[in-house]
Amino acid sequence: MAMERRIFSIIFACILCMNIWRLEAQLQVGFYDNLCPAAELIVRQEVTNAVNANPGIAAGLLRLHFHDCFVRGCDGSVLLDSTQGNTAEKDAPPNTSLRGFEVIDNAKTRLEEACYGVVSCADILAFAARDSIVQVGGQSYQVPAGRRDGNVSADQEALRNLPPPSAGNDQMTQAFANKGFTQSEMVTLSGAHTIGLSHCSSFSNRLYNYGPSKSEDPTMDPSYIAQLMNQCPQNSANNVVPMDPTSPNTFDNGYYNDLLQNRGLFTSDQALLANSSTAGQVNAYANNSDLFFTDFSSVMVKMGYMEVLTGNLGEIRTNCRVING
């Protein structure tokens, strides 16, 4: 019996490795070089135009890719509109503040004119996330492509799969582990909060209703609390504040320096100091931006492989908001 279990384990491992190899073989850098040579250039141009007009859109595009990949994999499902019989991911509570959809639409329109039915919405999201990072000071990286688009998008799946801003260190670690990421990679991806804005509703409990005392979060810098209270008075859920108050429109390691000063905006941010291992990584990134950039690029590439549809699976949508008729 023990020998049979061992043989089964070996066979299962081999099958898993073969499936991973197939995915890596089907996603490749330069996938559109012959199929649609201008694909990445067109996406980059649209992202550049959008970020030049509004630097904050860079964070929106990065967040779109993350929220897409964490629900059903990187299949463009976050872009689908709700229909009469279905509430889509984009209308789930964690996603109602997502932005950048029009940038993807503009890129898709141009791509359909240049190469009809070739470039997937999922790949546009992956390219746009990379390009948005570069536009606000981050490091470029090569994006393997060849994803195809899914045809299912459900709000309840977004609720189940996206970690909330109120999560502690253990909950965040488990949420990322469920998606195949290590705790170290969770700390790295959290650095995306170095750009962008948040609604007050995502963290106001830390200002007015935290823990048994129903007061202020004692782990937060008092001067930062005072600043946030001024920006987010009670019952002002729709107000927005920068997630990185020092450099909100620059992709840098400022987020980690903020954490060391107890100026993390979300509970999930400040919780990175609650564990000696994650706290050590926060310190390392705060003192070495090149290390953060290199690690972030690597983990973004890994995230782009999450549960992708390739080959004959899925479709290439002609409109990113609706499945092909």
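Refer to the preceding data block for the structure.
Let me sum up the structure you'll find in this document. (Residues numbered from 1 in each chain as written. Predicted model: local features only at pLDDT ≥ 70, side-chain atom pairs only at ≥ 80, totals over all residues. Heavy atoms only, no water.)

Moving on: the nonpolar core. Membership of the largest hydrophobic core comes to 71 residues, with the highest contact counts inside it found for Leu62, Ile104, Phe251, Tyr256, Phe296, Met300 and Met303. If we ignore the near neighbours within four places in the chain, the residues touching leucine 62 are Ala129, Ser132, Ile133, Ala192, Ile195, Phe251, Phe296 and Met300. (Core = buried A, V, L, I, M, F, W, Y, C linked by side-chain atoms within 4.5 Å. Buried < 20%, exposed > 50% of the residue type's maximum accessible area, 1.4 Å probe, protein only. Contact = heavy atoms within 4.5 Å.)

Within the structure shown, the criterion is met by four disulfides. The side chain of cysteine 69 participates in a disulfide bridge whose partner is cysteine 74; the two sulfur atoms lie 2.0 Å from each other. Between cysteine 69 and cysteine 74, the disulfide has an S-S torsion of 115° and is therefore right-handed. Across the pair, cysteine 74 and cysteine 69 agree in class, each one buried. Put simply, cysteine 121 and cysteine 320 are joined by a disulfide, and their sulfur atoms are 2.1 Å apart. Its torsion about the S-S bond being -100°, the disulfide of cysteine 121 and cysteine 320 is classed as left-handed. Remark: cysteine 320 occurs in the segment after helix H14 (289-303) and cysteine 121 occurs in helix H5 (residues 121-135); sequence separation between them is 199 residues. For the pair formed by cysteine 121 and cysteine 320, the shared burial category is buried. In the protein chain, numbering the disulfide-bonded cysteines from first to last in sequence yields the connectivity 1-4, 2-3, 5-8, 6-7. (Disulfide = S-S within 2.5 Å. Helix = DSSP H or I, 4+ residues; strand = E, 2+ residues; numbered from the N terminus.)

Another point: the packing of aromatic side chains. By the definition in use, this model includes 16 aromatic pairs. Taken together, the aromatic side chains of Phe251, Tyr255, Tyr256, Tyr285, Phe292, Phe293 and Phe296 make up a single cluster linked through ring pairs. Over the ring of phenylalanine 101 we find lysine 90, and its NZ or CZ is 4.3 Å from the ring centre. (Phe/Tyr/Trp six-rings, centres within 6.5 Å; stacked < 30°, edge-to-face > 60°. Lys NZ or Arg CZ within 6 Å of the ring centre and 35° of its normal.)

Even without glycine at this site, arginine 72 takes up a positive phi of about 65°. Here arginine 72 lies in the loop between helix H3 (57-69) and helix H4 (101-114). A residue is classified by how much of its surface remains accessible, and arginine 72, at 33% relative accessible area, is partly exposed.

Scanning all chains against the criterion turns up one cavity of 30 Å³ or more. Of the volumes computed, that of the largest cavity is approximately 50 Å³. His65, Ala126, Tyr141, Val143, Pro144, Arg147, Met300, Val301 and Gly304 are the residues that line the largest cavity. When its residues are assigned to classes, the lining of the largest cavity shows six nonpolar, two polar and one charged. (1 Å grid on protein atoms, 1.4 Å probe; cavity = no way out; pocket = protein on both sides within 12 Å on 5 of 7 lines; lining within 4 Å. Points joined across faces, edges and corners; volume = space filled by probe spheres on them. Nonpolar A, V, L, I, M, F, W, Y, C, P; charged D, E, K, R; others polar.)

Right, let's talk about the pattern of salt bridges for a bit. Across all of its chains, the model carries twelve salt bridges by this definition. Here aspartate 81 ties to lysine 90 by a salt bridge, and the two come within 2.6 Å at their closest N and O atoms. Assessed through its relative accessible area of 9%, lysine 90 is described here as buried. A salt bridge links arginine 130 to aspartate 131, with the shortest nitrogen-to-oxygen separation between them at 2.6 Å. You can call arginine 130 buried: its relative accessible area is 5%. (Salt bridge = Lys/Arg side-chain N within 4 Å of Asp/Glu carboxyl O.)

A few words now on the side chain of threonine 173. Structurally, threonine 173 is set in helix H7 (residues 169-177). Residue class for threonine 173 comes out buried when judged on its relative accessible area of 19%. Of note is the side chain of threonine 173, whose polar atom sits 2.9 Å from the backbone oxygen of asparagine 169. Ignoring sequence-local partners within four residues, the contact set of threonine 173 consists of Gln183 and Met186. (Polar contact = N/O pair within 3.5 Å; in protein donor to acceptor, adjacent residues only side chain to side chain.)

On the secondary structure map, glutamine 28 appears in the loop between helix H1 (2-26) and helix H2 (39-53). You can call glutamine 28 partly exposed: its relative accessible area is 38%. Through-space distance from the C-alpha of glutamine 28 to that of arginine 130 is 15 Å; in sequence the pair is 102 residues apart. Apart from residues lying up to four places away in sequence, glutamine 28 is in contact with Val143, Pro144 and Ala145.

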